[in-house]
Amino acid sequence: MKNRILVACVGVPLILVVLFLLPKPFTPTLIAVLAAVGTYEALRAIGMNHPRIALYTAILAIVIPFWVYAGESRYAALAALLVYLILVFAEAFASGFRVKIDRVGAGFFFAFVISYCLSSVVRIGMMEDQMRLSYILLPIALPFVADAAAMITGMFLGKHKLTPNLSPKKTVEGAIGGLVGAVVLCIVYGIAFHFIAKVDVNYYFLAVYGILGGVISEVGDLAFSYIKRTRKIKDFGHVLPGHGGVLDRFDSVIFCAPLIELLIHWLPAFSA
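Bear in mind the structure is a predicted one, so any value in this text is a computation, not a measurement. (Residues numbered from 1 in each chain as written. Predicted model: local features only at pLDDT ≥ 70, side-chain atom pairs only at ≥ 80, totals over all residues. Heavy atoms only, no water.)

## A look at the overall build of the protein
Under the convention used in this document: Helix and strand labels come from DSSP, where a helix needs a run of H or I of at least four residues and a strand needs a run of E of at least two; each type is numbered from the N terminus. Burial classification: accessible surface area is computed with a 1.4 Å probe over protein chains only, and a residue below 20% of its type maximum counts as buried, one above 50% as exposed, and the rest as partly exposed. We call two residues in contact whenever any of their non-hydrogen atoms come within 4.5 Å of each other. Accessible areas in this description were obtained via Shrake-Rupley with a 1.4 Å probe; residue shielding takes into account the shown protein chains only. Neither His nor the chain ends contribute to the count of charged residues, in which Lys and Arg are positive and Asp and Glu negative. We put the charge of a Lys on NZ, of an Arg on CZ, of an Asp on CG and of a Glu on CD.
Of regular secondary structure, the protein possesses 11 helices and 4 strands. Along the first, second and third principal axes, the C-alpha atoms of the protein reach 60 × 45 × 30 Å. Counting the 272 residues in the protein, one finds 46% classified as buried. The long-range fraction of contacts in the protein, counting pairs at least 24 apart against all pairs at least 6 apart in sequence, stands at 77%. For the protein, the accessible surface area stands at approximately 13900 Å², while carbon and sulfur atoms represent 73% of it. For the protein, the distance from the average position of its 22 positive side-chain charges to the average position of its 15 negative side-chain charges is 8 Å.

## Concerning a nonpolar patch on the surface
Which entries qualify depends on this criterion: To count toward a patch, a residue needs a relative accessible area over 30% and no salt bridge; like charges are then connected within 9 Å, while nonpolar side chains (Val, Leu, Ile, Met, Phe, Trp, Tyr) are connected within 5 Å. We define a salt bridge as a contact between a side-chain nitrogen of Lys or Arg and a carboxyl oxygen of Asp or Glu at a distance within 4 Å.
Taken together, the side chains of Leu81, Leu85, Phe89, Phe93, Ile101, Phe108 and Phe112 define a hydrophobic patch exposed on the protein surface, amounting to about 660 Å² of accessible area. For the nonpolar patch, the secondary-structure elements that each account for two or more residues are helix H4 (74-94) and helix H5 (101-118). Along the chain, Phe93 turns up in helix H4. Classification of Phe93 by relative accessible area gives exposed; the value is 68%.

## Digging into a positive patch on the surface
Taken together, the side chains of Lys100, Arg103, Arg231 and Lys232 make up a positively charged region of the molecular surface. Mapping Lys232 onto the fold places it in the loop between helix H10 (203-231) and helix H11 (246-266).

## Digging into the packing of aromatic side chains
How we decide: Only rings of Phe, Tyr and Trp enter the pairing, Trp through its six-membered ring, and a pair is recorded when the two centres are within 6.5 Å. The plane angle decides the type: under 30 degrees is stacked, over 60 is edge-to-face, the rest tilted. By definition, being over a ring means that NZ of Lys or CZ of Arg is both within 6 Å of the ring centre and within 35 degrees of the ring normal.
Applying the stated criterion across every chain, the model contains 13 aromatic pairs. An angle of 25° between the planes, with centres 6.4 Å apart, marks the rings of Phe20 and Phe193 as stacked. Taken together, the positions of Phe20 in helix H1 (residues 2-21) and Phe193 in helix H9 (residues 172-196) put the pair 173 residues apart, joining distant regions of the chain. Given a relative accessible area of 26%, Phe20 falls into the partly exposed group. Their ring planes at 45° and their centres at 6.2 Å tell us that Phe89 and Phe93 sit as a pair that is tilted. Linking Phe89 with Phe93, this pair stays in helix H4, spanning 4 residues, or about one helical turn. Among the aromatic residues, those joined into a cluster by ring pairs are Phe20, Tyr135, Tyr189, Phe193 and Phe270. Cation over ring: Arg123 sits above Tyr116, and NZ or CZ is 4.7 Å from the ring centre. Just above the ring of Phe144 sits the side chain of Arg249; from NZ or CZ to the centre is 4.6 Å.

## Comments concerning the nonpolar core
Side chains that are nonpolar tend, in soluble globular proteins, to be buried together. The test is simple: Put simply, buried Ala, Val, Leu, Ile, Met, Phe, Trp, Tyr and Cys residues joined by side-chain atoms within 4.5 Å make one nonpolar core.
Within the largest apolar cluster, 68 residues are counted, with the highest numbers of intra-cluster contacts made by Ile114, Tyr135, Leu138, Leu206, Tyr209, Ile260 and Phe270. Sorting elements by how many residues they give to this core places H11 first, with 11 residues. What Leu138 contacts, discounting residues up to four positions off in sequence, is Pro143, Leu185, Cys186, Tyr189, Leu206, Tyr209 and Ile260.

## Some words on unusual backbone geometry
Even without being glycine, Glu72 reaches a positive phi, approximately 60°. Mapped onto the secondary structure, Glu72 falls in the loop between helix H3 (51-69) and H4. If you check the backbone angles, Lys198 has positive phi at about 55° while not being a glycine. Relative to the helices and strands, Lys198 is located in the loop between H9 and strand E3 (200-201). Assessed through its relative accessible area of 62%, Lys198 is described here as exposed.

## Side note on the pairing of strand E2 (residues 167-171)
We count it as follows: The pairing criterion for strands is at least two bridges between them, as found by DSSP.
Two elements, strand E1 (residues 161-163) and E2, share 2 bridges in a ladder whose sense is antiparallel. Paired with Lys161 across the bridge in E2 is Thr171. Adjacent in sequence and paired antiparallel, E1 and E2 are bridged by 3 residues.

This is the structure:
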């Protein structure tokens, strides 16, 4: 627990500085770092031990947030994909069938999903300044708070196992506590940014953000727990002491960030 708190005390201010104080290009840089480390952790988990293919896949994960930031050119994406395919299959041909194609496919899947879903934060960060200020923290804060609320509620009130085969410590009571925590966070977030950014707030829409965000965050957590159980590992990594790897900490964000981006367009909670 001490390590978890220490990492949070360092990591949370760092994220706040990048999102709110540094120039906009630092946001895709942060996402690229998280995506690259997360992809490396996923590759190691699935047993992709070919170093150059792993390198090409990690580079792909790094490039995606900057591609999103630059406008998501279709031709740039096709060119990058073509280069990636040529490099990967050149390595596969040279390996004498030692490279397993299912692991190559899984590696590409993880690189794209992790990086592109996290890049929703980049797209939100490219909004007009007043709206950017209002929304930018939500796709990260919501799953973090939902996870913390679920953990605390489960510790004190948890009695009924939620998914014992996937995550033995998760309880129904904890899941409900996480959902309540997500809704409360969204309402408090709206009140705070009403005064900080001088925007009008639709609290009903924010409650929807909290409900759907709390549910999808739990799904994200369970999805990556499923991957860990199938690979018989406890954590994806150890880069964040007390938390595990980047995927152990940001698994819910990978699912929640795209949802928040969609909700911003479908149900805009802030308006100038």
